[in-house]
Amino acid sequence: MSINQIYSDRILELAGNLPQLTPLSAPDASARRVSRICGSTIDVELRIERGIVVEYAHDVNACALGQTSASVMAQHIVGSTLDELRAVRTQMIAMLKADGAAPSGKWEDLKYLEPVREYKPRHTSTLLVFEAVVDAIDSYELMQNERVG
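Residues numbered from 1 in each chain as written. Predicted model: local features only at pLDDT ≥ 70, side-chain atom pairs only at ≥ 80, totals over all residues. Heavy atoms only, no water.

Q: Give me the environment of Arg 32: which residues, what numbers.
A: Topologically, Arg 32 is positioned in strand β1 (residues 29-34). In this structure, the C-alpha to C-alpha distance between Arg 32 and Arg 147, residues 115 residues apart in sequence, is 23 Å. Aside from chain neighbours lying at most four places away, what touches Arg 32 is Thr 41, Ile 42 and Asp 43. Side-chain polar atoms of Arg 32 contact the side chain of Asp 43, separated by 2.7 Å. (Helix = DSSP H or I, 4+ residues; strand = E, 2+ residues; numbered from the N terminus. Contact = heavy atoms within 4.5 Å. Polar contact = N/O pair within 3.5 Å; in protein donor to acceptor, adjacent residues only side chain to side chain.)

What follows is the structure in structure tokens.
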């Protein structure tokens, strides 16, 4: 498979439908991730209530693969639990790096990124949004623990 075959019609469709989201007025958490390999960046903001994401915003400057991941994330993150989002990140890492199965259910569009497995330099940009979301969750939970403690 050539690198050009990774960019299927569905990948290009998902990337092309990346929503432009305005920044949140009062996010509970935010994070920024940068790929040193390709220069892709993503900034995410979350509002969280009772362990569920209730609002989401992002600023994405990434290749089609990073845009595809970010597009799927934007479609499904609101209403997701923090544990579910950690699990999706773990599944994506396993799918790309350990021949794991693609996420399923509402995240099943991520299966179109399976061919990226063979192109290690593209893993970072593909995983960028998942890493940023989990970074934001980690910072949120740390802040919550400090308030309680």
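Q: Quick rundown of the environment of Thr 41? Include the residues and the values.
A: Among the structural elements, Thr 41 can be located in strand β2 (residues 41-49). In this structure, the C-alpha to C-alpha distance between Thr 41 and Ala 62, residues 21 residues apart in sequence, is 6.0 Å. Ignoring any residue separated from it by four or fewer positions in sequence, one finds Thr 41 in contact with Arg 32, Arg 33, Val 34, Asp 59, Val 60, Asn 61, Ala 62 and Leu 128.

Q: Please set out the pairing of β2 residue by residue, giving values where relevant.
A: Note that β1 and β2 share 6 bridges and pair antiparallel. What sits directly across from Ala 31, in β2, is Val 44. Counting the residues that bridge the hairpin from β1 to β2 gives 6 residues, and of these Gly 39 lies at a positive phi of roughly 85 degrees. Across 9 bridges, β2 lies against strand β3 (residues 52-61) in antiparallel orientation. In the strand pairing of β3, Leu 46 is matched with Tyr 56. Here β2 folds back onto β3, and the loop between the two strands holds 2 residues, one of which, Arg 50, carries a positive phi near 50 degrees. (Pairing = 2+ DSSP bridges.)

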